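Coordinates in review
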Amino acid sequence: MKKLLLSLCGILVCASVFAQSQLNGNVLDATNNIPLTGATVKKNKSQTTTTDDNGAFSLPCNNGGMTLTITYIGYKPYTANVSTCSETLQILMVPSTSSLDEVQLSANSYRQESLEKPVSEVKLNPMELNRGTGLFLDDAINTNVPGVTMTRRAVSSGQQFNIRGYGNGVGFKGISNNFDGQGYKAYLNNIPITDAEGVTILDDIDFASIGSVDVIKGPAASKYGFAIAGAVNLKTIRPKNGETSISQKVTVDNYGLARFTTQFQMGREKTSLLLNYGHQVSDGFMDHNNSTKDFMNLVFDFRPNEKQYISTYFGFSNSYDERGGELTIEQYENEDYSGNPRYIKNNAHSEVISFRAGLSHTYAFNNWLSNTTTVFGTGKSTNNSSAGGWNDSAPLNYGTRSVFNLNFDLGDNFSLSGEAGLEFQEQRSQNIGYSMVENPSDPDGYNIIGGIKSNKFATSKSHLLFTEWVLNMPYDFSLTAGVGKSSLFIDIEDHMYNPDSNSPRVVSANYDDLVSPHFAINKVFNDNISVYASYRNGYKAPVSGNIILSTTGGLNTGLVPEEGNQFEVGSKGNVLDNKLYYQVALFQATFKDKFTSVAVPAGDGTTLYSYLTNGGKVDNKGIETLIKYNAYESSTGFFRSVHPYVNVTYSDFKYENFQYETVSRDGELIQQDYSGNDVAGVAPWVVNAGVDVNTNLGFYGNVTYMYRDAVPFTSDGLNVADSYSLLNGKIGYRTSIGQFDLDAFFGANNITGEQYYYMLFLNQLDDAYIPAPLDTNYFGGINLKYNL
């Protein structure tokens, strides 16, 4: 690691020798001062660069004058004549319609990635996040991001992403985990939500305060480390520039949902402040399904001068969700939503109390070098129970992420831009597991905590060093090359150590120097269409729970990280007079050394215990398309805008050389071979379509349609969940009266009352389904804002 750090320093020193005078600037949304990531900046219609996560850019500059052209999908092009290189430009981009109010901004700000970025990436804006209630992120992800599904275990807990068929962790039969998210990295305002081990828990995230979501599909290890499936970046709402307001929003539905959000926003030229409090309760739609949540978020941004940008985040949450448990196949088919008796008897639930804080500082050292450094920390107190018992945990996770951005002019229409950085995380956590026993004073009530089954203290450290460079060439060609080096170190101490046993007291596992390259080539045609090809690599290391055998306390040796490789070709474009935006991607992602489990027979027809080993390979082939169309826009007449959209995903995912060992009824070890079968949990076809309508009188609405194909939920292919279609709709009215803004809305999900599910438990018969509401879910709300 020291050698790599020294090499990085050497690169920066040597690069400075070739540095020329540079023009620096920031590209912002004119209505709310939000930095626009991925905006295209062209110098004299030849040299091209894009803005970073803070909306900043840098280009070679000569004090003889030049012309800048800035473009961003959903915004009017911006042209500026620059005569001096000394000052930092602040460029305010105006949405592509004449009006700048919130309705039109939501309808038109398709903040998709720049055509110069050779990556399959989808960004969601407030319009897409709030087509429904705006409280559940899976509603927006499943409707708008082809190739990605998001599930949840209860009303508002146990959320997980499945990106291009990569199931999250390893479950009871080795294929997928039903309890936490693994394989991807999630960030909130540049603060990792994913902990040092690579586990993502989203119960304590207030999705109602999220203003944008960026989903990167496929291995992202060259920038994010252990992200074999992809990465998800969440950003909170940002106040509008020049406005100060206080608002109260209330949302209800017919299943006892009541959400109360109080919000204060202040936007100034150099500062902005968001203070958000949310209280949310729900009765749920099945037995033992109540949910209670309290959220507090404070976001303060400050630009002390042209060289610096400071952003702070503080968040507190108190989340409690009851778990009704998964239904059996028979229960689901009979529409019996009474829940799982074993879960309910153990008062199954998930409680997370957490505090999360982060400070980001961006500094421009000179005309060619800038840095953004974030320090962060998260403390949690969690407890949960299920059919298997009770668990207490108190993880403390902290670290830093620092990224240097560099830009160089190489002459003759060649330029080089890049970033180099590091991310370090450490987590210290004590986990105590209990059995649950009958309550002697109330035998018919919930079980109570019994004896301690396990008590382990784990220290986990993850290290990431990365760099990625883009060489811009004539004729709008560009080459991208990057590499990331990831390491994970885990130390586990058994606090119930028995010196008479053969198990170790302290266990250490190191997964070091996992190198992940990334290569891509991109070509832009006529500033409107791009075509790219890319290769990316990533790893998924075991977590502490995979390393020690819970029954014997023994060490599970020999595990190696899973490895993913993805080849992708695609195209993106903004055509038909900038009215139609499209994406299309064809990919093949292979995952080898997939974790699977081996069962140890007890000799009486049952399983004594199971442990993980590296199994076979998964081969995922697919095609994803996305289209958004500005069909109509007018500042006069009844209709103001009509924007239809559609996205389609086809997945051909297969197991290759994939075996699983299990125990027969007579206690013999037998081998199941899944090779050639469809990957469990992935629908071959998924189609989403809809239309957003706004009027000049303040009325607005949307209609969305989703089709999800039949899905196998066991890897032998013998059990398949039926296909389903969902029809959702929402109407509303916005108006301003003096200093007050009013937004009232009413909507319905599953208008046709079709049976469907939130989540499938894979390879865990007879339990299989986490159901969604069977009947139509009606919701409504009102938001009243006072502008100070």
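Since the structure is predicted, the reported quantities are computational estimates derived from the model, not experimental observations.

**Focus on a negative patch on the surface**
On the surface, a cluster of negative charge is made up of D287, E330, E333, D336, D722 and D766. Checked against the element boundaries, D766 lands in the loop between β47 (757-760) and β48 (767-771).

**Remarks on the sheet that holds strand β4 (residues 56-60)**
Read across the open sheet, the 3 strands follow the order β4-β1-β7; overall the sheet is mixed. The outermost strands of the open sheet, each flanked by one partner alone, are β4 and β7 (89-93). Recorded for the sheet is a direction-independent mean angle of 30° between the axes of neighbouring strands. Bridge analysis of strand β1 (residues 22-29) against β4 gives 5 bridges, and the strand direction is antiparallel. Opposite N26, over in β4, you have A56 as the bridge partner.

**Quick notes on the environment of I237**
Mapped onto the secondary structure, I237 falls in the loop between β16 (230-236) and β17 (244-253). Its relative accessible area of 22% is what places I237 among the partly exposed residues. Residues I237 and I34, 203 residues apart in the sequence, show an inter-C-alpha distance of 9.2 Å. Apart from the residues lying within four places of it in its own chain, the contact partners of I237 are A208, S209, I210, G211, Q263, Q265 and L274.

**Quick look at the sheet that holds β47**
Spatial strand order, β22-β48-β47: 3 strands in an open sheet with antiparallel pairing. Across the chains shown, the open sheet's two edge strands, defined by having one partner strand only, are β22 (327-328) and β47. Pairing analysis gives 3 bridges linking β47 to β48, with the strands arranged antiparallel. When the bridges of β48 are listed, L760 appears paired with Y769.

**Here we look at the confidence of the model for the protein chain**
Looking at the protein chain as a whole, the pLDDT averages 86, with 87% of positions reaching at least 70. In this model residues 8-20 is a low-confidence stretch, pLDDT under 50, and it forms 10 contacts with partners more than four residues away in sequence or in other chains. In this model residues 97-113 is a low-confidence stretch, pLDDT under 50, and it forms 67 contacts with partners more than four residues away in sequence or in other chains.

**Regarding the pattern of salt bridges**
Evaluated as defined, the whole model comprises 25 salt bridges. With a shortest N-O distance of 3.0 Å, D138 and R152 are connected by a salt bridge. Of the two residues, D138 sits in helix α4 (residues 137-144) while R152 sits in the loop between β9 (148-151) and β10 (160-163), which places them 14 residues apart along the sequence. For R152, a relative accessible area of 4% gives the class buried.

**Looking at the environment of N189**
One can find N189 in the loop between β12 (184-188) and β13 (191-192). For N189 and N233, which are 44 residues apart along the polypeptide, the C-alpha to C-alpha distance reads 7.6 Å. Setting aside anything within four residues of it in sequence, one finds N189 in contact with L234, K235, T236, R238, V299, Y313 and S360.

**Looking at the nonpolar core**
Core analysis: the biggest nonpolar cluster contains 72 residues, and L137, I141, F161, V213, L234 and Y769 have the highest contact counts within it. Not counting chain neighbours up to four residues away, the residues in contact with L234 comprise L137, Y187, L188, N189, I193, I205, F207, I210, S212 and V213. In this structure, V27, L59, M66 and I91 belong to the second largest nonpolar core, which totals 17 residues.

**Concerning the pairing of strand β24 (residues 369-386)**
Regular strands show a simple pattern: their side chains alternate between the two faces of the sheet. Of the strand pairs in this sheet, strand β23 (residues 349-364) and β24 are connected by 16 bridges, and their pairing is antiparallel. Along β24, the bridge assignment pairs F355 with G379. As consecutive antiparallel partners, β23 and β24 are separated by 4 residues. Here β24 pairs with strand β26 (residues 396-411) via 11 bridges, running antiparallel. Residue pairing in the sheet places S370 in a bridge with N405 of β26. In this sheet, strand β25 (residues 389-393) lies alongside β24 in antiparallel orientation, the contact comprising 5 bridges. Bridge pairing links T382 to S393 in β25. Hairpin connection, β24 to β25: the antiparallel pair is bridged by 2 residues.

**Structural notes on the packing of aromatic side chains**
Tallied over the entire structure, the rule returns 25 aromatic pairs. Relative to Y757, the ring of Y724 lies with its centre 5.4 Å away and its plane at 85°, an arrangement referred to as edge-to-face. Of the two residues, Y724 sits in strand β45 (residues 724-737) while Y757 sits in strand β47, which places them 33 residues apart along the sequence. Here Y724 matches Y757 in class, with each residue buried. An aromatic cluster is defined as three or more aromatic residues linked by ring pairs; in this entry it consists of Y255, F285, Y332, F713, Y724, Y756, Y757, Y758 and Y769. The side chain of K730 reaches across the aromatic face of F745, ending 4.5 Å from its centre.

**Some thoughts on a nonpolar patch on the surface**
A contiguous nonpolar patch, built from L275, Y277, M296, F314, F316 and F355 and spanning about 530 Å² of accessible area, is present on the exposed surface. The set of elements that each furnish at least two residues to the nonpolar patch consists of β19 (271-282) and β21 (308-322). Along the chain, Y277 turns up in strand β19.

**Focus on the side chain of K185**
Here K185 shows up in strand β12. You can call K185 buried: its relative accessible area is 5%. A polar contact is formed between the side chain of K185 and the side chain of E423, at a distance of 3.1 Å. When sequence neighbours within four positions are dropped, the list of residues in contact with K185 reads T194, Y224, F226, A227, G230, A231, V232, E423 and Q425.

Thresholds, definitions, all that
Residues numbered from 1 in each chain as written. Predicted model: local features only at pLDDT ≥ 70, side-chain atom pairs only at ≥ 80, totals over all residues. Heavy atoms only, no water. Patch = residues over 30% accessible without salt bridge, like charges linked within 9 Å, V, L, I, M, F, W, Y side chains within 5 Å. Areas by Shrake-Rupley, 256 points an atom, 1.4 Å probe, with all protein chains shown as cover. Salt bridge = Lys/Arg side-chain N within 4 Å of Asp/Glu carboxyl O. Lys, Arg positive; Asp, Glu negative; His and termini not counted. Charge placed at Lys NZ, Arg CZ, Asp CG, Glu CD. Helix = DSSP H or I, 4+ residues; strand = E, 2+ residues; numbered from the N terminus. Pairing = 2+ DSSP bridges. Axes fitted to C-alpha atoms, helices over the stretch in contact; angles between N-to-C directions. Buried < 20%, exposed > 50% of the residue type's maximum accessible area, 1.4 Å probe, protein only. Contact = heavy atoms within 4.5 Å. pLDDT = per-residue confidence, 0-100. Core = buried A, V, L, I, M, F, W, Y, C linked by side-chain atoms within 4.5 Å. Phe/Tyr/Trp six-rings, centres within 6.5 Å; stacked < 30°, edge-to-face > 60°. Lys NZ or Arg CZ within 6 Å of the ring centre and 35° of its normal. Polar contact = N/O pair within 3.5 Å; in protein donor to acceptor, adjacent residues only side chain to side chain.

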